[in-house]
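# Fold and geometry: a report
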Amino acid sequence: MNHQEIQERIHPYVDGELDVANAREVELHLSACEECRALEQRIRALSSVLTASAPAYHAPAALRKNVRAALRKEAKPARQIGWWVFAAGAACALLLLVFALSQTTRAPREAIADDVVANHVRSLLATHLVDVASSNQHTVKPWFDGKVDFAPEVRDLAADGFPLVGGRLDYLQGKTVVALVYERNKHPINLFIVPASTNRAAAPSALTRRGYHLIHWTRGEMDYWAVSDLNAEELHQFAAHFAP
Amino acid sequence: MIRFRETSQVRDFERIILPHLDAAYSLARFLVRNEQDAQDAVQEACLRAFRFYESFRGENSRAWFLKIVRNTSFTVLQRARKNEDEVVFDEELHSPESAQLDVGGQLDRDLDRQTVRAAIEELPAEFREVITLRELEDCSYKEIADIANIPVGTVMSRLARARRQLYLILSKNFPDATK
């Protein structure tokens, strides 16, 4: 190794990231080269200042408390049921199935709607409205490659007054799903895209939950859930533009 | 009884993840540079980690968790950047000269905590990240590469540049310090 190559290896050398042979070579060079020795000393001086002054922060007690509370709230009984209640669960499920068949698809739809609203609210309260922030559909769509097992349809609706803000991964009904975020006059719209359990297309239909408007439609083997605090009419316009 | 199961899963998660809460908060705090945003970023990261806990294969819980913390912190930062029109990080632009520590005077070995924290916070976010992970959390290059989602070679060159710039800031603040 020449002087230039050695210089590049001094940081990993000080950090203990070199194998024995490379480390030995750097050591040999250091014993002969004053400039490299000075560099090594500066790296070590900086590290020891950083260690001595202990600049790392400690988590505030309030954060620890909030995290513990939030986790308990997040843990839903449905996810923790053990094997020992499986038999009872199966019996109930059978009863439910009979009931559900008579109720068509209404019940699951209601449950999903609740989750959709909960996710929407959480995305606004917490710090992750989007994982990928871009108004460009050609940036947002490829971002999901490899993160979900389907290719979501991402549309640029800026011309229709619904600019794209970005996208993120979310969790709905036990599945990782795509959430696209649009905006209309500062009102965020979350559009959740989930693989549909049926490939029967369904026209947009509206629901209301806790003051939020939802529109649900099924198209091309995908379920779409749009949710916002926007008024129902404008949310309908959004759905109409997204799925003309 | 279901209630009992529920808490036991939370406890299991907490036993693995909460020991890393200080490291998580410190990383977030240096990345977003204010207390409230750092708390929000860490809390959000905890919830995300809990939701995706089943996908965690149990190799290195600290790196796994710090990666999530790092991502939520950068989400917060990107939003702030959009508001402030801050320039996007450019490795070369932020360190136009050589990456080596061929500059400046000596370091005062008795620099106090606040001075060092302030100096780290002067660095661009991508430098704050590698400095925090390497110097404060003692992560290996491989761990940093995983957490920051960059190649190991980039970790090496970025760390060299970050150290150079931090050294410059710290020695400039104390031009008289020649101990």
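Structural data are supplied above this passage.
Note that the coordinates shown come from a computational prediction; the quantities given were computed from them, not determined experimentally. (Residues numbered from 1 in each chain as written. Chains lettered and ligands numbered in written order. Predicted model: local features only at pLDDT ≥ 70, side-chain atom pairs only at ≥ 80, totals over all residues. Heavy atoms only, no water.)

### Focus: the overall build of chain A
Looking only at helices and strands, chain A has nine helices and seven strands in total. Here chain A, with 244 residues, has 44% of them falling under the buried criterion. A separation of at least 24 residues holds for 56% of the contacts in chain A among residues at least 6 apart in sequence. Accessible surface for chain A amounts to roughly 12700 Å². Of this, 56% is attributable to carbon and sulfur atoms. (Helix = DSSP H or I, 4+ residues; strand = E, 2+ residues; numbered from the N terminus. Buried < 20%, exposed > 50% of the residue type's maximum accessible area, 1.4 Å probe, protein only. Contact = heavy atoms within 4.5 Å. Areas by Shrake-Rupley, 256 points an atom, 1.4 Å probe, with all protein chains shown as cover.)

### Let's talk about the environment of Q106(B)
One can find Q106(B) in the loop between helix 4 (61-84) and helix 5 (113-122). Q106(B) sits 66 residues away from K172(B) along the chain, and the two C-alpha atoms are 9.4 Å apart.

### Describing the packing of aromatic side chains
Under the definition given, this model contains 16 aromatic pairs over all chains. Taking 6.1 Å as the distance between ring centres and 75 degrees as the angle between the ring planes, the aromatic pair formed by Y171(A) and F52(B) counts as edge-to-face. With Y171(A) in strand 2 (residues 164-172) and F52(B) in the loop between helix 3 (35-51) and helix 4, the pair connects residues from two separate chains. For the pair Y53(B) and W64(B), a centre-to-centre distance of 6.3 Å together with 55 degrees between the ring planes defines the contact as tilted. On the criterion of sequence distance, the pair formed by Y53(B) in the loop between helix 3 and helix 4 and W64(B) in helix 4 is long-range, its members being 11 residues apart. Take Y53(B) and W64(B): they sit in the same class, and that class is buried. A cation sits over an aromatic face here: R155(A) above F242(A), 5.9 Å from the ring centre. A cation over an aromatic ring shows up here: R184(A) above the ring of F162(A), its NZ or CZ 4.3 Å from the ring centre. (Phe/Tyr/Trp six-rings, centres within 6.5 Å; stacked < 30°, edge-to-face > 60°. Lys NZ or Arg CZ within 6 Å of the ring centre and 35° of its normal.)

### Side note on helix 6 (residues 125-136) of chain B
Residues and elements named next belong to chain B. Helix length check: helix 6, at 12 residues, gives a terminal C-alpha distance of 15 Å against a target of 16 Å (1.5 Å per residue), a fit within 8%. In terms of burial, helix 6 is largely enclosed, as 12 of its 12 residues are buried. All of the buried residues along helix 6 are A125, E126, F127, R128, E129, V130, I131, T132, L133, R134, E135 and L136. Immediately beyond the C-terminal end of helix 6, within one or two residues, lies D138, with a positive phi of roughly 60 degrees. (Expected span 1.5 Å × (residues − 1).)

### Concerning the sheet that holds strand 6 (residues 212-219) of chain A
Residue and element names in this part refer to chain A. Ordered in space as 1-2-3-4-7-6-5, the seven strands form an open sheet in which the pairing is antiparallel. Unpaired on one side and paired on the other, strand 1 (132-133) and strand 5 (202-209) mark the two borders of the sheet. Summarising the sheet, strand 5 and strand 6 pair through six bridges and their orientation is antiparallel. From the neighbouring strand, L207 faces strand 6, where its bridge partner is L214. Packed on one face of the sheet, helix 9 (residues 232-242) meets strand 3 (175-184), strand 4 (187-195), strand 5, strand 6 and strand 7 (222-228) and runs near 20 degrees to strand 6. (Pairing = 2+ DSSP bridges. Axes fitted to C-alpha atoms, helices over the stretch in contact; angles between N-to-C directions.)

### A look at the interface of chain B and chain A
Between chain B and chain A, the residue contacts involve 63 residues of the former and 50 residues of the latter. In total, about 5700 Å² of surface goes out of reach between chain B and chain A, with carbon and sulfur atoms giving 59% of it. Linking chain B with chain A are seven salt bridges. Between R51(B) and E74(A) there is a salt bridge, with its nearest N and O atoms 2.9 Å apart. Along the contact surface separating chain B from chain A lie 20 residue pairs in polar contact (both at pLDDT 80 or more). In terms of residue count, the dominant contributor to the side of chain B that touches chain A is helix 3 of chain B (12 residues). Here the side of chain B that touches chain A is composed, by residue class, of 29 nonpolar, 10 polar and 24 charged. (Buried area = accessible area lost by both parts, 1.4 Å probe. Salt bridge = Lys/Arg side-chain N within 4 Å of Asp/Glu carboxyl O. Polar contact = N/O pair within 3.5 Å; in protein donor to acceptor, adjacent residues only side chain to side chain. Nonpolar A, V, L, I, M, F, W, Y, C, P; charged D, E, K, R; others polar.)

### As for the nonpolar core
Grouped together as the largest cluster of nonpolar side chains are 68 residues, with contacts concentrated most on V42(B), W64(B), F65(B), V69(B) and L166(B). Here V42(B) is in contact with L63(A), L21(B), A24(B), Y25(B), A28(B) and V69(B), once residues within four sequence places are set aside. Counting residues in hydrophobic clusters, the runner-up holds 27 residues, among them F162(A), I189(A), L191(A) and Y224(A). (Core = buried A, V, L, I, M, F, W, Y, C linked by side-chain atoms within 4.5 Å.)

### Let's talk about the side chain of E40(A)
Counting through the fold element by element, E40(A) comes out in helix 3 (residues 34-53). Here E40(A) is in contact with I10(A), Y13(A), V14(A) and L30(A), once residues within four sequence places are set aside.

### Remarks on the pattern of salt bridges
Inspection of the entire model under this criterion finds 23 salt bridges over all chains. The partner of R68(A) in a salt bridge is E14(B), and the shortest N-O contact between them spans 3.9 Å. Residue R68(A) is located in helix 4 (residues 61-74), and its partner E14(B) is located in helix 1 (residues 2-17); the two belong to separate chains. Shared partners join several salt bridges into a network, and the residues in it are D15(A), R134(B), E135(B), D138(B) and R163(B).

### Some details on the packing of helix 2 (residues 21-32) of chain B against helix 6 of chain B
Residues and elements named next belong to chain B. For the pair helix 2 and helix 6, the least separation of the axes is 9 Å and the interaxial angle reads 155 degrees. Looking at the two axes, helix 2 sits roughly antiparallel to helix 6. Viewed along their axes, helix 2 and helix 6 form a crossing whose handedness is right-handed. For the pair helix 2 and helix 6, contact is made by S26, L27, F30 and L31 and by A125, R128, E129, T132, L133 and L136, respectively. Here the residues of the contact of helix 2 with helix 6 sort into six nonpolar, two polar and two charged. (Parallel < 35°, antiparallel > 145°, perpendicular 65-115°, else oblique. Left-handed = near helix turned anticlockwise from the far one by under 90°.)

### Examining the packing of helix 6 of chain B against helix 7 (residues 141-148) of chain B
All names here are of chain B. Across the interface, helix 6 lies against helix 7 with an axial gap of 10 Å and an inter-helix angle of 140 degrees. What the angle tells us is that helix 6 and helix 7 run oblique. The two elements helix 6 and helix 7 cross, and the hand of that crossing is right-handed. On helix 7, the residues that touch E129, V130, L133 and R134 of helix 6 are Y141, I144, I147 and A148. For the contact of helix 6 with helix 7, a count of residues per class yields six nonpolar, no polar and two charged.

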